[in-house]
Amino acid sequence: MSETSKIPSHALVGDIGGTNARFAIADLATLALSHVGGSPTASHPTLADAIRDYLKGVDQKIEHAGIAVAGPLLDDTVKLTNAAWTFCQSSLAKDAGLKTAHVFNDFEAQAYCVPVLAPEERHQLGGTEPVEHAPKVVLGPGTGLGVAGLVWSASGWVAVAGEGGHVTLAAENERELALIERMRKGLVRLSVERALSGPGLAELYQAIAASRGFGDSPLSPAEIEHLAISGEDEMAEEALDFFVSWLGRFAGDMALVFGARGGAYLGGGIAPKMLSRLQQDDFREAFERKGRMTPFVAPIPVYVVVADNPGLRGAAAGLRTRLKSAVT
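Each chain carries its own residue numbering, running from 1 in the written order of its sequence. Given that this is a predicted model, residues contribute local features only at a pLDDT of at least 70 and side-chain atom pairs are listed and counted only at 80 or more, while totals for whole chains, interfaces and linings are drawn from all residues. Hydrogens and waters are ignored; side-chain quantities use all the structure's heavy atoms.

## Some details on the packing of aromatic side chains
Applicable threshold: Any two of the Phe, Tyr and Trp rings considered here, Trp counted by its six-membered ring, make a pair once their centres fall within 6.5 Å; the pair's planes then place it as stacked at under 30 degrees, edge-to-face at over 60, or tilted in between. Numbering of helices and strands runs from the N terminus; a helix is a DSSP stretch of H or I covering at least four residues, while a strand is a stretch of E covering at least two. For every residue, the accessible area (1.4 Å probe, protein chains only) is compared with the maximum for its type, and the residue is labelled buried under 20%, exposed over 50%, or partly exposed between those bounds. Two limits define a charge over a ring: the Lys NZ or Arg CZ must be within 6 Å of the ring centre, and within 35 degrees of the ring normal.
Inspection of the entire model under this criterion finds five aromatic pairs. Note on F23 and Y54: the rings are 5.4 Å apart at their centroids and 35° apart in plane angle, and the pair reads as tilted. Separated by 31 residues along the polypeptide, F23 in strand β2 (residues 20-27) and Y54 in helix α1 (residues 47-55) bring together distant segments of the chain. Considered together, F23 and Y54 belong to a single accessibility category, that of buried residues. Summarising the aromatic geometry, the rings of F242 and W246 are spaced 5.4 Å apart at their centres and angled 45° between planes, so their arrangement reads as tilted. Of the two residues, F242 and W246 are both situated in helix α7 (residues 234-258); the distance of four residues between them amounts to about one turn of the helix. In this structure, R122 is placed above the aromatic ring of Y303, and the distance from its NZ or CZ to the ring centre is 4.4 Å. The lysine or arginine in question, R322, covers the ring of F104, its NZ or CZ lying 3.9 Å from the ring centre.

Structure, rendered in structure tokens:
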């Protein structure tokens, strides 16, 4: 957009994960959302088709979009990590019938949502008060495991996209090592995402079952969580215990990487649903257990994001930031 262009009042925003594509129309002045809807990614052959289908149900003319996608933005061609869609950033707008389309990493968008969260849209798990303008980190398991940073600049908060969910999962003791070796079978390495995600929780349960001499026991992540919390299945309890502890450890690791004295934020599709379990001591203990760096991470607050549609709101906030920078 040229310097004389005006920022549009409304735009399409999208949050495209490994399982679902969600869309809304965002008021770029207030970041309020309307016409929130979507569909499984498998129900459309391409992202552009999904956008065109969604816009058929919108009665106002929409020409601009901010789309958050679960995958790395390395060059013009974007391949979603856990879904079949591939598209070119340079042609997405034309293919979808729009004037412009700005693409964000999904957790880059989650990061842009953090500064606009209301106090009641986040639940604190330990720590003290965040340091003003200090870096923040946003992470969360869902179909995959996303990570992004948020740093302060002269022009405001800037999101820093990354692929931290794909670092190698390490063990702290022999039991963890044995489980990780079972989960790694057939793979060159085991990333953290292979354990800290919905599919990862299911794989973790399978590894625990195998270690006890049981065969395949296919359960969904929701079923495992239910069985664990209800106390109906000891293996499910152990799987969830490992999941929570590893999530706390990983969150603490990412807080160290980003120097996130401004807080660590847990988003994604899983953490808000297991808030009551994350409030138990083992999550925070794992977050803080950093040896000589424990005094650094101990004051860092962890927040579980319980807001509605943080990915869509973050895509709207990120789009507004980009459009403003284009006209200044």
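Let's pick the thread back up.
## Things to note about the sheet that holds strand β8 (residues 122-125)
Keep this limit in mind: By this definition, two strands are paired if DSSP reports at least two bridges between them. Axes here mean lines fitted to C-alpha atoms, for a helix over just the part in contact, with angles spanning 0 to 180 degrees between N-to-C directions.
As summarised here, the arrangement of the six strands in space is β8-β13-β12-β9-β10-β11, forming an open sheet in which the pairing is mixed. Every other strand in the sheet has two partners, leaving β8 and β11 (156-161) as the edge strands with one partner each. Shown here is a sheet whose adjacent strand axes are inclined to one another by a mean of 25°, direction ignored. As judged from the three bridges shared by strand β9 (residues 136-141) and strand β12 (residues 264-266), these two strands associate in the parallel manner.

## Concerning unusual backbone geometry
Positive phi, close to 65°, is recorded for H133, a residue that is not glycine. Among the secondary structure elements, H133 is positioned in the loop between β8 and β9. With relative accessibility at 37%, the residue H133 sits in the partly exposed group. Its identity is not glycine, yet N309 carries a phi of approximately 55°, on the positive side. Checked against the element boundaries, N309 lands in the loop between β13 (302-305) and α11 (310-326).

## Some details on the packing of α1 against helix α2 (residues 89-96)
Helix packing geometry: the angle between the two helix axes and the distance between the axes. The following threshold applies: Two helices that cross are described as forming a left-handed crossing if the nearer one is turned anticlockwise from the farther one by less than a right angle, and a right-handed crossing if clockwise. The contact definition used throughout considers only heavy atoms, calling two residues in contact when any of these lie within 4.5 Å. Three classes are used, and their members are as follows: Ala, Val, Leu, Ile, Met, Phe, Trp, Tyr, Cys and Pro are nonpolar, Asp, Glu, Lys and Arg are charged, and the others, Gly among them, are polar.
The contact between α1 and α2 brings their axes to 9 Å, and the two run at 35°. Two packed elements cross with a definite hand, and for α1 against α2 that hand is right-handed. Counting all contacts with α1, which are made through L47, A48, I51 and R52, the residues of α2 involved are L92, K94, D95 and A96. Of the residues in the contact of α1 with α2, the class split is five nonpolar, no polar and three charged.

## A closer look at the environment of R184
Along the chain, R184 falls in helix α4 (residues 174-184). The spacing of R184 and D95 is 89 residues in sequence and 40 Å in space, taken between C-alpha atoms. Contacts of R184, omitting those with residues within four sequence positions, involve R189 and L190.

## Considering the nonpolar core
Filter applied, for reference: To form a nonpolar core, buried Ala, Val, Leu, Ile, Met, Phe, Trp, Tyr and Cys residues must be joined to one another through side-chain atoms within 4.5 Å.
L204, L266 and L278 are the most contacted members of the largest nonpolar core, which has 50 residues in total. With 13 residues, α7 is the largest single contributor of residues to this core. Setting aside its immediate chain neighbours within four residues, L278 contacts L125, V244, L247, L266, A271, F283 and V304.

## Examining the pattern of salt bridges
Defined as follows: Note on definitions: salt bridges are taken to be side-chain nitrogens of Lys or Arg within 4 Å of carboxyl oxygens of Asp or Glu.
Using the criterion set out here, one finds 14 salt bridges in the structure. Linking E108 and R322 is a salt bridge whose minimum nitrogen-to-oxygen distance equals 3.7 Å. With E108 in helix α3 (residues 106-113) and R322 in helix α11, this residue pair connects regions lying 214 residues apart in the sequence. Classification of E108 as buried rests on a relative accessible area of 10%. The class for R322 is partly exposed, based on a relative accessible area of 28%. For D241, the salt bridge goes to R277, with nearest N and O atoms at 2.7 Å. On the criterion of sequence distance, the pair formed by D241 in helix α7 and R277 in helix α8 (residues 275-278) is long-range, its members being 36 residues apart. Among the residues examined, D241 registers a relative accessible area of 37% and is labelled partly exposed. Of the residues examined, R277 reaches a relative accessible area of 7% and is grouped as buried. By sharing partners, the salt bridges in this structure join E172, E176, R249 and R289 into a single network.

## Side note on helix α6 (residues 221-230)
Quick reminder of the rule: Taking the helix axis as origin, the arc is that swept by the directions to the C-beta atoms.
Those residues of α6 that fall on the buried side of the exposure criterion are I224, E225, L227 and A228. Looking straight down α6, one finds that the buried residues subtend no more than 165° of arc, so they occupy a single side. Seen from the open side of α6, the exposed residues pointing more than 90 degrees away from its buried face are A222 and I229. Lining the buried residues of α6 we find α5 (198-211) and α7. Looking one or two places after α6, you find G231, whose phi comes out positive at around 75°.

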